[in-house]
Amino acid sequence: MGKGPGLYTEIGKKARDLLYKDYQTDQKFTLTTTSPTGVAITTAGTKKGELFLADVNTQLKNRNVTTDIKVDTNSNLSTTITVDEPAPGLKTIFSFRVPDQRSGKIEVQYLHENAGISSSIGLTANPIVNFSGVLGTNVLALGTDISFDTKTGNFTKCNAGLSFSNADLIASLALNEKGDSVNASYYHIVNPLTNTAVGAEVTHSFSTNVNTITVGTQHALDPLTTVKARVNNVGKASALIQHEWRPKSLFTISGEVDTKSIDKSPKVGLALALKP
């Protein structure tokens, strides 16, 4: 475990990654190339049914400043400038998207051994202000995440979360959507030598009285190959196998079947990521 409680987005992240990361039903290809000067260019293409989406991202690093410039098939130009450690524990992020004139945003993150703070504000006349903060240690942490719309004078987001961690177990509890839903997650490392882990997530909506339960597991067949599986209470079961066929280059096959509608064809996703 690392030092400090981390940012609010890290509450429950281990369970979310186990249950949702790398699962997909689309076809995706990613190619990254790096120049001798350190400029990295990543080209990505995704086929969603009959729709094909693509983007090109260029990353430039100069000391502690990283600049990412992305162009997609909808002619959107996104730029993110990250300044890492202008002061100990501090990170600043400036982002905007053309032609969206209201997309400009500046964010400041601060990490301390007993706190993790992130605050952002939109660069508009009536911006949305977001603040999240976590207090505690790498064992027990309590945090909140709120957003305020200065134009309407309303809180657009108000969440709170609690996390408990030890060497092989992480449990979290979060109150989301202004108190309308509660989410509990659990992540447990069964065998660190084979990267075997189990996880579960339970979400209850008070307004609809609907429960969503997802459980999953992962296991490394060998140092380069990992399998994952999950199932939820509405009958959808998914599985994937991911192989690192060369350093940093991954090939992933994933599938999903609706066990309550066996007559439907299963969904299959493929992902290939190539890095130098």
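As shown above, the structure is provided for reference.
Here is what the cut-offs are and how they apply
Residues take numbers from 1 onward in each chain, read along the sequence in its written order. Two thresholds apply to this predicted model, a pLDDT of at least 70 for residue-level local features and 80 or more for giving and counting side-chain atom pairs, whereas whole-chain, interface and lining totals are computed over all residues. Only heavy atoms go into the side-chain values, all of them from the structure, while hydrogens and water stay out. Helix numbers and strand numbers start at the N terminus; a helix is a DSSP run of H or I with at least 4 residues, a strand a run of E with at least 2. Computation of the radius of gyration draws on C-alpha atoms alone. For the globule rule, the value is 2.2 Å times the number of residues to the power 0.38. In this description, contact between two residues means that some pair of their heavy atoms is separated by no more than 4.5 Å. Buried means the residue's accessible area, taken with a 1.4 Å probe over protein chains only, is under 20% of the maximum for its type, while exposed means over 50%, and partly exposed covers the values in between. Whenever two N or O atoms come within 3.5 Å, that pair is a polar contact, provided that in protein one can donate a hydrogen and the other can accept it, and provided that, for residues adjacent in sequence, both atoms are side-chain atoms. Cavities and pockets are found on a 1 Å grid laid over the protein atoms alone: a cavity is a set of points where a 1.4 Å probe fits but cannot escape, a pocket is an open set with protein on both sides within 12 Å along at least five of seven lines, and a lining residue has an atom within 4 Å of such a point. Grid points are joined across faces, edges and corners, and a volume is the space filled by probe spheres set on the points. Here the nonpolar group is Ala, Val, Leu, Ile, Met, Phe, Trp, Tyr, Cys and Pro; Asp, Glu, Lys and Arg are the charged ones; every other residue, Gly included, is treated as polar.

(A) Representation of the overall build of the protein chain within the structure. Scanning the protein chain for helices and strands turns up one helix and 19 strands. Since a compact globule built from 276 residues should have a radius of gyration of about 19 Å, the 21 Å found for the protein chain is in line with a globular shape. For the protein chain, the C-alpha atoms occupy an extent of roughly 55 × 45 × 40 Å along the three principal directions. Within the protein chain, contacts between residues separated by at least 24 positions form 27% of all contacts whose residues are at least 6 apart in sequence.

(B) Region of interest: unusual backbone geometry. In this model, Val 98 is joined to Pro 99 through a cis peptide bond whose omega is 15°. Although it is not a glycine, Arg 63 adopts a positive phi angle of roughly 60°. Within the secondary structure, Arg 63 is located in the loop between β3 (51-62) and β4 (65-72). Phi is positive for Asn 195, close to 55°, though the residue is something other than glycine. Within the secondary structure layout, Asn 195 lies in the loop between β13 (181-191) and β14 (196-205). Looking at Asn 195, the relative accessible area reads 37%, which means it is partly exposed.

(C) A look at the environment of Lys 228. Structurally, the position occupied by Lys 228 is in strand β16 (residues 225-232). For the pair Lys 228 and Leu 60, spaced 168 residues apart in sequence, the C-alpha to C-alpha distance is 34 Å. Aside from chain neighbours lying at most four places away, what touches Lys 228 is Asp 17, Leu 18, Lys 21, Tyr 23, Thr 217, Gln 218, Ser 238, Ala 239 and Leu 240. Within the structure, the side chain of Lys 228 is placed 3.1 Å from the backbone oxygen of Leu 18, a separation counted as a polar contact.

(D) Seen up close, the layout of surface pockets. Within this model, the largest pocket holds a volume of roughly 540 Å³. The wall of the largest pocket is formed by 24 residues, among which Lys 28, Thr 30, Thr 42, Ala 273 and Lys 275 lie closest to the centre. Every element with two or more residues in the lining of the largest pocket is listed here: β1 (27-34), β2 (40-48), β3, β18 (249-258) and β19 (267-274). Among the elements that make up the lining of the largest pocket, the one with the highest residue count is β1 (five residues). Tallied by class, the residues present in the lining of the largest pocket amount to nine nonpolar, nine polar and six charged.

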